[in-house]
Amino acid sequence: MSKFQNRSLSEEKADIKRALKTSFQEGAIWQPIAISWFDKWKNYVNYDDEVPEPRDKEVIDSLHPGEVDNSGLQGSFGDEMRRDAVEGRDYILLPNNFANMLLEKYGGGPSFPRKVLNVGQYYNPIYQVNLWPVRIEVYLCDRTQPAPVQTDDRFKRRYFNKNMELDKVAEDLSSLFHVHRHTSSTRYWLRDTPPDTSAEEKKGTGRMLTCDVVDFDGDWRFVRSDANRNIQEVLGERDCIELIIEVAPFRTARDADWPRFQQLEAWKQDLRVGDMVDVKDRKGKFYAAKILSIDEQRNLMVHFFGWDESNDEKILASEINSRVAPLHGHSFDRSKWEEGNKVDLCLKDANDAPFWAMGTIIGTDPKTDKVEVMVEAKDKADALKKKASSTSTATRTTGASASLYDDDDEIDDFDIDDDAAKKKKLQQQQQQLITDGAAAESKAADTAATAAEEENTRVWVDIYGDTVAPQYTHTPALRSSSSTAYGGGYYGTSSLYSSYNSISYDRHTKGTPPVAGAVGLQNLGNTCFMNSILQCLSNTQPLTEIFTSGVYRDQINYDNPLGHSGKIALTYGKLVKDMWSGAYTKVVPREFKTVIGDYRPQFAGYEQQDSQEMMNCLLDGLHEDLNRIKKKPYTQKIESKGRPDELIASESWRRFLLRNDSLIVERFFGLQKSHVTCRSCGKESVTFDPYATLSVPIPIKNTRVVTVVVQLLPYHVAPVRVVLEVALTDAMSDLKRLLIDRLLDLKLLSAPSELTSTPRTTVTPSASTTVMTEDSFELVHKEDVPAATPSTETITSPAMVVDGDDVKEEKVAGSGSEDTSTNTGKRKPLGPAAMTTSSSVAAKALFYDSFHFHFGVLNGMRTTTVSKNYNTKDAKNTAITAFVGKMDYLVAFQLEHPVPEFKSMTSYYYGGNTTLTSKKRLEEDDLEGNGGTTPPVGPKAPTYLAMDLVVGTREGVRMELVGYPRRLSFVQGETTNEDVHRVVRQVLRRLVPATSPLMQRDEAEWPYELCVTSSYGTQVYRTVEKNDAPFTPLKDTMEILVVHWQNAVVKDGLVDIVRAKDITDQSFTGNHSSSMADIDEDLDEDEYYPATTYSKTQPQHKRAKKTLSIYDCLDKYIEREQLADTETVYCNRCKEMLAPIKKMDIWSAPDILIIHLKRFQFITGQYQLVLREKINDVVEFPIEGLDLTAYVQGTVSSEAPPIYDLFAVSHHMGNLGGGHYTATAKNFVNNQWYYFNDSSVTPTEPSSAINATAYVLFYKRRTGTCKWAGQVPHPEGLPDEEDN
């Protein structure tokens, strides 16, 4: 029987609750559990009720969930998971030991153990459970077996991390077949689906035999340039990657050396009339061409695009292999032409003679494969003059284009009659041009003069016609150069298969979408975050119309140093135009990803990113690329200084527009008001800042329970285990306050006597030094505080100062206490920590400072030694939940003296000066007291020392440590060896049974020895004698004190060493005590429980089950809040960094309102690493009629009120870096809602967007428009000197 079978349901529930609070750790194993079964289990254990009502056994038995049923998560192969499974909807994740606990107790399965990976950077980790490792099935092909066969020696199956590159994976797989790259060459084939070319044939346009069409042997595609791609990108929507490793026997292999070369050439045996290919002309240059005819001997007649029929050539059947290559493998891909590209265009002069001029593409139509080209009059005139000047020596034809060959080219006799005739005709035409050269030159000059006076020429042309060609193909500027980018010339390759520039996933999928704009986006490898936000912005009508109309081109600021030379605007414009062309069902945003990665390197790789961060980056990039401000002036931020908000808002907007003026600003930017108040001196600062995204918090209580081992005074008491419920973002600097409050609640600690009996001092400031806030608590200027007048009120309980809502708020005479707020949003008052006066803040600080604590970490596998100490300098801002590791516990030592904190790493002595003093001698009566004392302040402050003491047993020169460490404190320079021994004996008392004869002896005569050892007791350095000699402090190294009894005393049972391990468990409700009563005893030794766990009986403050709405989030956004110590600002009155009180308000709202739900909480981890936690609560929001009238504090237009309708939502499902992004959006052409999941597009209902995955909401103003959110800039401007 499983050892878990006898666990109670409450214990089982507590196990899983703390398991669900466990953070990911790299390398840890987690498992998914089907949520359908998990919900049944929750009913069975009464999961949601912390104090459940008694239930009959029959009721409980009827709710038994049965065996764990994960069958719904099963994938199509082996133990793979279903790829469309979503966390929170289909499964929950549990640490491996907890999942196994459920599987062992209830049975069932299958199980899917998976490892946690860090998919971020080492300095900014993003932990993700690798639920779907990529399965790769690989075949070996060589000369003996060029076809793939599934035999043991030629087939392998392996799983890989999805972030690896295909080339690296293939190299690793090659080693399985003992293929070594230093002796042979390898290349790869992928199993893929051949593209369908039937539609092109039906239209009569001919097949476009590009690489992605011809590189197939059945369903195996030759890998050209995607070998360095991420395997997640290569995987796409497949279940696995099937790969052929083709091995050539030579390190430098020729085409014919490859065993599958014939398969790669097979497509050339099936050429048809109308096919488009690349053909090498007689000079060895490749051009895009079309097959005109094929004779009985399989000889080809080809026509070169951009050249007239006189340049057509015959390709002998024997030359096909060497002269024919896949389309655009060497020539420029004309389908990639876009607006702004330069091309050569063939025009007619006044005599109807053709000439070539340079033009610019100003329009594209992917559905018809046409482009609109504009040639400026000046360029036409220049082209005509050049044509005239070269007429006398021209050797080109008089057709639509020049000859493929220059005038100095030697034209060999052709073996074919047609070619000979062509040669003769060309020579005759050349001779005629020479004879009539002078006349032609004069006539061309006249034509050029006439053309110069004409208007620009605009014409639509077929991209594969003869009147358009890549730039410099015919224009003489670079006629002699071999351009590789836009020219039709040779690409400098020695092999037909060494330098192809076309790969399958770079091409959009042609087809007719349901409606323009309803197209999928190819996932390029963890780019779902980008696709999600692109779909939302694509369905933002004002933005899309800017780019589809082309008006943005005139706005591009190519010189803005904060922009990207117009590349973001141009690339995004092309992407949007493709998405709304109606010519594609799937678009590949690779070029956009490359450009945005250049602009912000964080988006350059293939790691999962945040869609909201991507959106901010894109909007910022578009704004800067379209910024009308060419040279940004310096502007100074303005503060209100008591002036009207309307004045400061208009001036702030004016200054913002001096540096930022774009089409994006007009529709997407609003203004928010920030009101910051210094809690120390009361100084207020009101400023107005622009925003494009409204990031609103989700008002939930997100807490964790942290276990702390506490060593309290007096020294003879056993340590206590307590639990603290802490907010996820509570920092280590808050730990002392939280612990003291908890100990007071448990009555394990009481206030020092001098604080509980001293009359309370109330500061009564003058009216001139009091600043009343609108939430009716006062802030006093430090430098203006008058002398305090003692009152007769006495603090009778420390809870009156520090406990939760029991804090008494001091009232200042003559000050009002009513809430002066006029905003209708729900306001929650500040917590007690903020709603206090300067005097009570000081009193509270004094109260907590009266207790002297050190904090550190005990490793769960070795609790005898502090593995890490807390130091404010290093860890002040570190989240409590992140300070400890997965097998660690927090430890707190109450000290007799105010010893400064130890260094962050293990260090057991620290001497530091302080303004506090203590008694010169330690008296035994003082050691019996409960709690520390607050020493008086004196001119000569002593220094203090502290050291850790551990009980041990001696085995030769080695000490075996037992139990928990105890930290002792003394006055440095005034402590003797006997003083130290006196304290040590206090610790030893709890090891001596009441019936032991030792209790009858003088403690000074007890048979023990005190030694100074290394931190783990592995080496004894010296013995501390029992005398009055001055105590020699421990060195500033990892040294500790170890006390051990003589072996005979232990053997005879006079002392009980096991008691050193005793701990009083106060993690239960009330003061119940037990010896080592901990749930861990029921688990295997190799299982762990992190310090952030749930106790089995600790009461949780359960949030009332209430539906959250977007208005709750907005209310939280405008709520006054006391910032944490990690969010400090500089107060120029106090001259220090302080955490102020802050309040945000919406001053104006833009036409396009973007609301970001802050689902990710950022937690400061150790070494300043930032960790994230996700909130998965549902936030309801209206599809229509989001009304911000009550929230906008600026002027509201009656013609364009702040009432909004939803049109798009970016969704995030799953957990942090391991999640998936999708989008729901309303198409503004047919008003139909669609769900976008990468390349998949399906109709949906708008209500489906309201769920726990909603992350970024896009709203559009219902009626009217307000440029700049209706904010009018100040007409004249305020001088900077007024703001000084």
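Residues numbered from 1 in each chain as written. Predicted model: local features only at pLDDT ≥ 70, side-chain atom pairs only at ≥ 80, totals over all residues. Heavy atoms only, no water.

### Side note on the nonpolar core
Operational definition: As used here, the term nonpolar core means buried Ala, Val, Leu, Ile, Met, Phe, Trp, Tyr and Cys residues forming a set that is joined through side-chain atoms within 4.5 Å. Relative accessibility under 20% of the residue-type maximum defines a buried residue, over 50% an exposed one, and the middle range a partly exposed one, all with a 1.4 Å probe and only protein chains included. Here, residues are in contact when the closest pair of their heavy atoms is within 4.5 Å.
One finds Phe 547, Tyr 572, Phe 592, Ile 596, Leu 618 and Phe 1258 to be the most contacted residues of the largest nonpolar core, which totals 72 residues. If we ignore the near neighbours within four places in the chain, the residues touching Phe 592 are Met 530, Leu 534, Thr 571, Tyr 572, Leu 575, Met 614 and Leu 618.

### With respect to the environment of Lys 342
Test applied: Only DSSP runs of H or I covering at least 4 residues are called helices, and only runs of E covering at least 2 are called strands; the numbering of each starts at the N terminus. Residues adjacent in sequence count toward polar contacts only when both atoms are side-chain atoms; beyond that, a polar contact is any pair of N or O atoms within 3.5 Å, and within protein one must be able to donate a hydrogen and the other to accept it.
Relative to the elements of secondary structure, Lys 342 occurs in strand S18 (residues 342–348). Considered as a pair, Lys 342 and Thr 360 are 18 residues apart in the sequence and their alpha carbons are 4.6 Å apart. A polar contact is formed between the side chain of Lys 342 and the side chain of Thr 360, at a distance of 2.7 Å.

### Quick notes on helix H19 (residues 645–657)
Selection rule: For a helix, the expected span equals 1.5 Å multiplied by the number of residues minus one.
Taking 1.5 Å as the rise per residue, H19 with 13 residues should run 18 Å; its terminal C-alpha atoms sit 18 Å apart, in good agreement. Burial of H19 is extensive: ten of the 13 residues sit out of reach of the surface.

### Thoughts on the environment of Met 1038
Mapped onto the secondary structure, Met 1038 falls in the loop between strand S42 (1020–1023) and strand S43 (1039–1045). By relative accessible area, which is 45% here, Met 1038 ends up partly exposed. For the pair formed by Met 1038 and Thr 1013, sequence separation is 25 residues and the distance between their alpha carbons is 8.7 Å.

### So, helix H15 (residues 541–548)
Where H15 is concerned, the buried positions are Pro 542, Leu 543, Thr 544, Ile 546 and Phe 547. On its buried side, H15 packs onto helix H14 (528–538), helix H16 (567–579), helix H18 (611–625), helix H20 (663–668) and strand S50 (1152–1158). Just beyond H15, the residue with positive phi is Gly 550, at close to 85°.

### Some details on the side chain of Thr 540
Mapped onto the elements of the fold, Thr 540 is located in the loop between H14 and H15. The contact partners of Thr 540, leaving out residues within four places of it in the chain, are Phe 668, Ile 1152, Phe 1207 and Phe 1258.

### Here we look at the sheet that holds strand S24 (residues 520–521)
Basically, it comes down to this: Note: two strands are recorded as paired if DSSP finds a minimum of 2 bridges between them.
Here three strands make up an open sheet; going across it, the order is S23-S25-S24 and the pairing mixed. Strand pairing shows two members of the sheet lacking a second neighbour, strand S23 (509–510) and S24, which therefore form its edges. For S24 and strand S25 (residues 584–587), the ladder comprises two bridges, and the chain directions are parallel. Each residue of the ladder has a partner; that of Gly 520, found in S25, is Lys 586.

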